[in-house]
Amino acid sequence: MQLSLLENRNDHAVAEKRVKELTELLNHHNRLYYQHEAPEISDAEYDELFRELIRLEELHPSLFNAASPTQRVGSAPDGRFSGVTRQIPMLSLDNATSGEEIRAKLDNRIKRELGLAENEQVAYMCEPKMDGLAVELTYENGILRVASTRGDGITGEDVTKNIRTIRNLPLRLNGENHPLLLDVRGEVYLSISSFQKINAEKEENGETPFANPRNAAAGSLRQLDSRITARRPLSFYCYAPGRIEGADFPSQEDFLKKAGEWGIPVNPLRRRVDSIDGAVDYYYEMQQQRESLPYEIDGTVVKVDSFQLQRELGEKSRSPLWAVACKFPPRQAETRLENILLSVGRTGVITPVAVLKPVDISGVTVSKATLHNWDEVISKDIRVGDTVVIERAGDVIPAVVRVLTEHRDGSEMIVPVPKICPECGSAVVQIADEVAYRCIGISCPSQILESVKHFASRGAMDIEGLGERVVEQLLNLSLIHTVADLYSLTKEDFMRFERMGDKLASNLLAALERSKRCTLDRFIFALGIRHVGERTAKSLAQAFGSIDNLERATIEEFASIRDIGSTVATSIFTFFHNPVNLAVISRLLQLGVKPSVVAKTVGGRLSGKNFVFTGTLMHFGRDAARKMVEDKGGNVVSSISRKTDYLVAGEESGSKLDKARDLGITVLGEEEFLSLLEETH
Ligand code: IVH
């Protein structure tokens, strides 16, 4: 016992030292990454250190410190960025929505203001109105120093770190002789394809997708962790100067040209026109072009080209007199929602899709719209038969904006949340904190390509040669329907492939044969259970020792394993209670797959034994006790059941002690527990 006490104290001291080390290391790498842009380690290595620190802080709450690098991530409230106050406010623009209005609100007004005759012409710069968010970048002697959001126009948020991640923005301007000070204003935006990619990922992760590219750009830029921003391919187009010291530009055209030469992105679709007629033509032209652009625009902006004239005209009630935003009509329409279909994604997410009475929205016939997820269907109370407003954004699938409930006649039908996968009949579950519903069938046709690829991958069953192309052919020829079918394939089956030789077929069969002797953790990982990565698979293999035990375990038993929270525990439990999955597993075993238990715990005397702790332990902490048990192959679970082997009872043990006695479970005092551990060397 003396020894254990010492070990325990020692544990803490070791952890304390490591927490300090990790904090210093992470701060060092953060500095290199953010300030010097010269990272020395990969993101994956950084993440590993970061996770280790999180784990230690969880295990030893007393070592937690508010200034820890782990506190930089998470959902901090607004106001978390520091403020940047500017001398020249960022204004907004007056809107026009037709050619008529462009003339009235800009040209006529300007001519009146400047006392010009009707036939005298003003030159304008026309630009696409990017649908993103406005930022200001400050370059000092050509070096990017500060970047801020528009905020209320005067005070914005300091997003310098995040802006630095935008790949098409120069951190140092090209060429020589840069102005002492140059504020560059422009729009941060996200291309439609990047927006779709981010949303697809979000849907697969069970998160609510962004409503449009603008929200996605804003959400990405306002991330506290700029590593997340870095993974979102934001872009920037400059559209105006702010403060300029040490340079002078006569016009918007000259300014944008020079900015472009310095390497600052400027929109190539801009056009200088000699009169308002050109600006009106540009507006209608861009409205046509809008659909084929790789990013979203919501109109054009027309500005007086001469900076001298701009200054003369000045501003009124927070918008300049020398410019106008020419907005395009919204791409919305009303139609009837005729049905709600279920679409099953690659990784099992079930997305409701609205089937619409076909309707034209600015030249495109729309007959389907995404409803994203069931939370959305429920919160918007969308029913079959409803009249709905739908909106199209670029080539993004249209979305249902809202229901026009005033058109209801009582015949509308509520569609219930799915219980069964429409593709394979497996159970559909909503895992803890996800909005998505998922099919958890291992052989669901919609997911089979991904699940077979994963099953064969290197960290899983490691079946050499069984890559995407081979899997696709197996599926196309209907040679496999589940991962188990892989093990009944014959050489003749493979020979049916295009470009398949005798040697290649033999190699594939040999690789399949080899993979049968896998370790249990790889086998568990290969099953593709949601939230079970390689590490969790290892913990599961060590704690349960066999597939049989996993099939019998309770959610609590899963949750009692280190690193497994209730979400993951539920996911594992549900997986092992799906009859379709159990059938596939049993067929795999029948066909000769023989997962072996990880060597370390084989034969450990506590292997497979379940411990429960109760009461106040006087000599060691719960974490230390858990570690002692797990090191010898045992499991620690939180509640007593018939499967419990030992209850270790400290001071003031309550109902658990009674229950253990009722069930005839061996009850150990702390000393007895320690002796048991000693015996099991
Ligand atoms: S000029 C005072 N040009 O539209 C002039 N704005 O209300 C400032 N926008 O929030 C704006 N593309 O973020 C200008 N080519 C463009 C633009 C543009 C998008 C945004 C801008 C502002 C809003 C205008």
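Definitions and cut-offs
- Residues numbered from 1 in each chain as written.
- Predicted model: local features only at pLDDT ≥ 70, side-chain atom pairs only at ≥ 80, totals over all residues.
- Heavy atoms only, no water.
- Helix = DSSP H or I, 4+ residues; strand = E, 2+ residues; numbered from the N terminus.
- Contact = heavy atoms within 4.5 Å.
- Lys, Arg positive; Asp, Glu negative; His and termini not counted.
- Charge placed at Lys NZ, Arg CZ, Asp CG, Glu CD.
- Pairing = 2+ DSSP bridges.
- Axes fitted to C-alpha atoms, helices over the stretch in contact; angles between N-to-C directions.
- Core = buried A, V, L, I, M, F, W, Y, C linked by side-chain atoms within 4.5 Å.
- Buried < 20%, exposed > 50% of the residue type's maximum accessible area, 1.4 Å probe, protein only.
- Near = heavy atom within 4 Å.
- Polar contact = N/O pair within 3.5 Å; in protein donor to acceptor, adjacent residues only side chain to side chain.
- Areas by Shrake-Rupley, 256 points an atom, 1.4 Å probe, with all protein chains shown as cover.
- Parallel < 35°, antiparallel > 145°, perpendicular 65-115°, else oblique.
- Left-handed = near helix turned anticlockwise from the far one by under 90°.

Looking at the overall build of the chain
Right, so step 1: What the chain contains, in helices and strands, is 24 helices and 24 strands.
Right, so step 2: Along the three orthogonal principal directions, the C-alpha set of the chain runs to about 105 × 60 × 60 Å.
Right, so step 3: Pairs at least 24 apart in sequence give 68% of the contacts found in the chain among residues at least 6 apart.
Right, so step 4: Charge-centre separation for the chain: the mean point of 84 positive side chains lies 2 Å from the mean point of 98 negative side chains.

Examining the sheet that holds strand β8 (residues 234-245)
Right, so step 1: What the 4 strands build is an open sheet, ordered β5-β4-β7-β8; its pairing is antiparallel. Each edge of the open sheet is held by one strand with a lone partner, namely β5 (143-149) and β8. With direction set aside, neighbouring strand axes in the sheet form an average angle of 25°.
Right, so step 2: Here strand β7 (residues 181-190) runs beside β8; their pairing, made up of 9 bridges, is antiparallel. Note that in β8 the partner of V188 across the bridge is F236.
Right, so step 3: Here helix α6 (residues 213-221) sits on the sheet and contacts β4 (133-140), β5, β7 and β8; the angle it forms with β7, its principal contact strand, is near 125°.

With respect to the nonpolar core
Right, so step 1: Membership of the largest hydrophobic core comes to 55 residues, with the highest contact counts inside it found for I463, L466, L474, L486, F494, L540 and L588.
Right, so step 2: Sorting the residues of this core by element identifies α12 (448-456), α13 (468-476), α15 (502-515), α16 (520-526), α17 (534-544), α18 (547-552), α20 (566-575) and α21 (579-590) as the ones contributing at least two each.
Right, so step 3: With near-sequence residues (within four places) excluded, I463 lies in contact with F455, A456, L486, Y487, A511, L512 and S515.
Right, so step 4: Listed in part, the 34 residues of the second largest apolar core include L137, V159, V188 and L221.

A few points about the site of the ligand
Right, so step 1: All residues adjacent to the ligand are S92, L93, E127, P128, K129, M130, A134, E187, Y239, V301, K303 and P320.
Right, so step 2: A distance of 3.2 Å separates a nitrogen atom of the ligand from a polar atom in the backbone of P128.
Right, so step 3: The contact in question runs from a nitrogen atom of the ligand to an N or O atom on the backbone of M130, over 3.0 Å.
Right, so step 4: Summarising the interface, the protein chains cover 87% of the accessible area of the ligand, which totals 520 Å² for the free molecule.
Right, so step 5: Broken down by secondary-structure element, the contributors of at least two residues to the shell around the ligand are β3 (124-130) and β10 (297-304).

Describing the pairing of β5
Right, so step 1: The pairing of β4 with β5 spans 6 bridges and is antiparallel. Opposite V135, over in β5, you have T149 as the bridge partner.
Right, so step 2: Following β4, the chain reverses through 2 residues before pairing antiparallel with β5; N141 in that reversal takes a positive phi of roughly 45°.

As for the packing of α12 against α13
Right, so step 1: Where α12 contacts α13, the axes come no closer than 10 Å and their chain directions differ by 135°. Considering their axes alone, α12 and α13 lie oblique with respect to each other. Here the hand of the crossing between α12 and α13 comes out right-handed. Here I448, L449, V452 and K453 of α12 lie close against α13, whose contacting residues are E468, V471, E472 and L475.

Regarding the sheet that holds strand β13 (residues 323-327)
Right, so step 1: Reading across from one edge, β2-β13-β10-β3-β9 is the order of the 5 strands in this open sheet, with mixed pairing throughout. Because the sheet does not close on itself, it has two edges, and the strands there are β2 (95-96) and β9 (271-273).
Right, so step 2: Judged from the 7 bridges that link them, β3 and β10 form a sheet pairing that is antiparallel. Pairing of P128 across the sheet is with T300, part of β10.

Things to note about the pairing of β7
Within a regular beta strand, the side chains point alternately toward one face of the sheet and then the other, so they alternate between its two faces.
Right, so step 1: The buried fraction of β7 is high, at 10 of 10 residues.
Right, so step 2: Direction of pairing for β4 relative to β7: antiparallel, over a ladder of 8 bridges. Residue pairing across strands places E136 opposite R185, the latter belonging to β7.

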